[in-house]
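Coordinates in review
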Amino acid sequence: MADHFRVFATCDIGEALDILRKRGYKLEVYPDPKAPPKALILEKLRTGIDGLITTLRDQIDAEVFEAGKGTLKVVAQFAVGFDNINRADANRYKIPFTNTADVLTEATAEFAFFMMGSLARKLWPAEHLTRDNKWGFWHPYLPFLGDEVTGKTIAIIGTGRIGLAMIKKCAGFDMNILCYDPAYQNHQYVSAIQETMDLRHARGIQKEKTWIKYVSLEEALSQADFVSVHVPLIREGESDTPTFHLFNERTLRSMKPSAFLVNTSRGPVIDEAALAMALKENWIGGAALDVYEKEPLPADSPLRDPAITDRCRLFPHFASAAKITRLSPDPDKGMAGRCVQGLIDVLEVNYGGDIKKMPYVVNKEVF
Ligand code: NAD
C-alpha cells in the first residue's frame, strides 16, 4: 500500500480523493473554497510532499519546484489547460505534471454551443423582458429579433479535442464550418464530417448542402457569422504559434460587423480592452465569454459597460462545470478521477515507471 505518500490538494475535488485515502495516502486538502496563498503551498512543500493536486488558480513555477526539491514527484492539475504551470521550470526540475484532457471535451464544446445560441437568439434580454414585466404585446419584430444559428457559417479557431467536438455539434445544426489551426490539422476528421453532411443532404435530413474546410485565419475571420475559440493560452516565446491576444484590434476589425465571438478557451487569448471597444463601436455583433484576462471578472471591467450588455454574455469560467465531467471518480468520465489517476500513475510507478507511457503526463519530453 501507498501509506508513505503525502499529498496536498489545493482544493477539494470531491469523492475521487477517497481513492487516495483508501490506498492509505496521507492526504491534506486545503479547506477554503478560495485558492490558498502561494506562501502556504510553498510551506507545505517544504515539509515534504510527494504529490500536489492543483487547479488553474495556483501559479506553479520554479519557486514551487524549489520548495519541493527532493520530495515532490508529481503535480496533478485538475484541468486540461495548464498555462498556470511553468512547463520550462517543471522540466528543469524534472517534475512530471498531469492534466485532465478528454473527459471535459464534450461538456466544454456543448457549453460553447449553448453560449453561442444564447447570444444569437438573445435568450438573456428575452428572459429579462418577460421577468421584468416589459412584455407588453406579441409583435412580428418588436422589441427585437435574434439571429438563427442553423445554416450559418462558423469559424473554429483551434481544431484540437474541444474544437473537433464543437465541429461535430455545429454540423448537426446544418452549419458551414471554417477551420483554422496552424499546428494541427485533422483532415481525416474533416473529411468524415463532410461525408456525414453529404449523407444528411442526400437523405433529405438537411435541406441545404453544407461544407467544411481548413482556411487561413484571415479567411476564417472575414467569412464567419460565428467565431468559436478553442486554443490553449500560449504566450510569446512559448511556441511558434502564440495565442496571447490572438484577438486584438486588428483581428476583431477583420470580422464581419454582424459576427459573434465565443470564447471558452482562456481569457488572455482576447485583448479585452479591444473587445469592449469592438462591441461598443459595433465592429462585431456580439460576444459570449466564459474566461477573462483576470478572473473573477473585476467590477470595473469594460465588459460590464451597460451600453453593451445585450450583446455581451458573461459566464463564470463554467464550460466544464457539469456534475459528471467535474467530479466523477471514474478516470474515463471525470476530471477528478483523471486527476487522481494521473497522480497515482507517477507515485506508484505504474507503466513500469516509464513516464513517457503514462497517458495523463503532459511534459513527457524531459523523461
Ligand atoms: P488541444 O490541445 O486538444 O487543442 C488546442 C488546439 O489549438 C491544438 O490543435 C493546437 O494546434 C491549436 N492551436 C495552437 N496554437 C494555435 C493558434 N495560434 N491558432 C489556432 N489554433 C492553435 O486542447 P483542448 O483539449 O481542445 O482544450 C483547448 C483549451 O480550452 C485548453 O487549453 C483550455 O485552456 C481551454 N478549456 C477551457 C475550459 C473552460 O472551462 N472554459 C474547459 C476546457 C478547456
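Summary of the structure given here. The residue count restarts for each chain, going from 1 along the sequence in the order it is written. This being a predicted model, a pLDDT of at least 70 is required before a residue's local features are given, and a value of 80 or more before pairs of side-chain atoms are given or counted; all residues contribute to the totals for chains, interfaces and linings. For side-chain calculations, the full set of non-hydrogen atoms in the structure is used, while hydrogens and water are omitted.

Examining the site of the ligand
Formally: The nearness test applies per residue and asks whether one of its heavy atoms lies within 4 Å of the molecule or strand. Residues adjacent in sequence count toward polar contacts only when both atoms are side-chain atoms; beyond that, a polar contact is any pair of N or O atoms within 3.5 Å, and within protein one must be able to donate a hydrogen and the other to accept it. To be clear on the numbers: accessible area is Shrake-Rupley with a 1.4 Å probe, and residue cover counts the displayed protein chains and nothing else. Basically, the charged four are Asp, Glu, Lys and Arg, the nonpolar ten are Ala, Val, Leu, Ile, Met, Phe, Trp, Tyr, Cys and Pro, and anything else, Gly included, counts as polar.
Close to the ligand lie 29 residues, the nearest being Arg161, Ile162, Asp181, Thr264 and Asp290. Arg161 places a polar side-chain atom, nitrogen or oxygen, 2.9 Å from an oxygen atom of the ligand. Residue Thr241 places a main-chain N or O atom 3.2 Å away from a nitrogen atom belonging to the ligand. Protein contacts shield 91% of the accessible area of the ligand, which totals 870 Å² for the unbound molecule. Its residues placed into classes, the shell around the ligand shows 13 nonpolar, 12 polar and four charged.

What about the sheet that holds strand β10 (residues 260–263)?
As a reminder, the rule being used: When DSSP finds two or more bridges between two strands, those strands count as paired. The numbering of helices and of strands both runs from the N terminus, where a helix is a DSSP run of H or I of at least 4 residues and a strand a run of E of at least 2. Whenever a helix is involved, its axis is fitted only over the stretch in contact; in every case the axis is a line through C-alpha atoms, and angles between N-to-C directions fall within 0 to 180 degrees. By the convention used here, residues are in contact when the closest approach between their heavy atoms is within 4.5 Å.
The strand order across the open sheet formed by seven strands is β8-β7-β6-β9-β10-β11-β12, and the pairing between neighbours is parallel. Lying at the two open borders of the sheet, with one neighbouring strand each, are β8 (212–214) and β12 (312–314). Recorded for the sheet is a direction-independent mean angle of 15 degrees between the axes of neighbouring strands. Examined bridge by bridge, strand β6 (residues 153–157) and strand β9 (residues 226–229) share four bridges and lie parallel to one another. Bridged to Ile157 within β9 is Val229. Strands β6, β9, β10, β11 (286–289) and β12 of the sheet are contacted by helix α5 (residues 105–120), whose axis makes an angle of about 150 degrees with β10.

Topic: unusual backbone geometry
The step from Leu142 to Pro143 runs through a cis peptide bond, and the omega angle for that step is 0 degrees. Positionally, Pro143 belongs in the loop between α6 (123–131) and β6. Note that the residue after Glu295, namely Pro296, is joined by a cis bond; omega there is -10 degrees. One can find Pro296 in the loop between β11 and β12. Although it is not a glycine, Lys94 sits at a positive phi angle of roughly 55 degrees.

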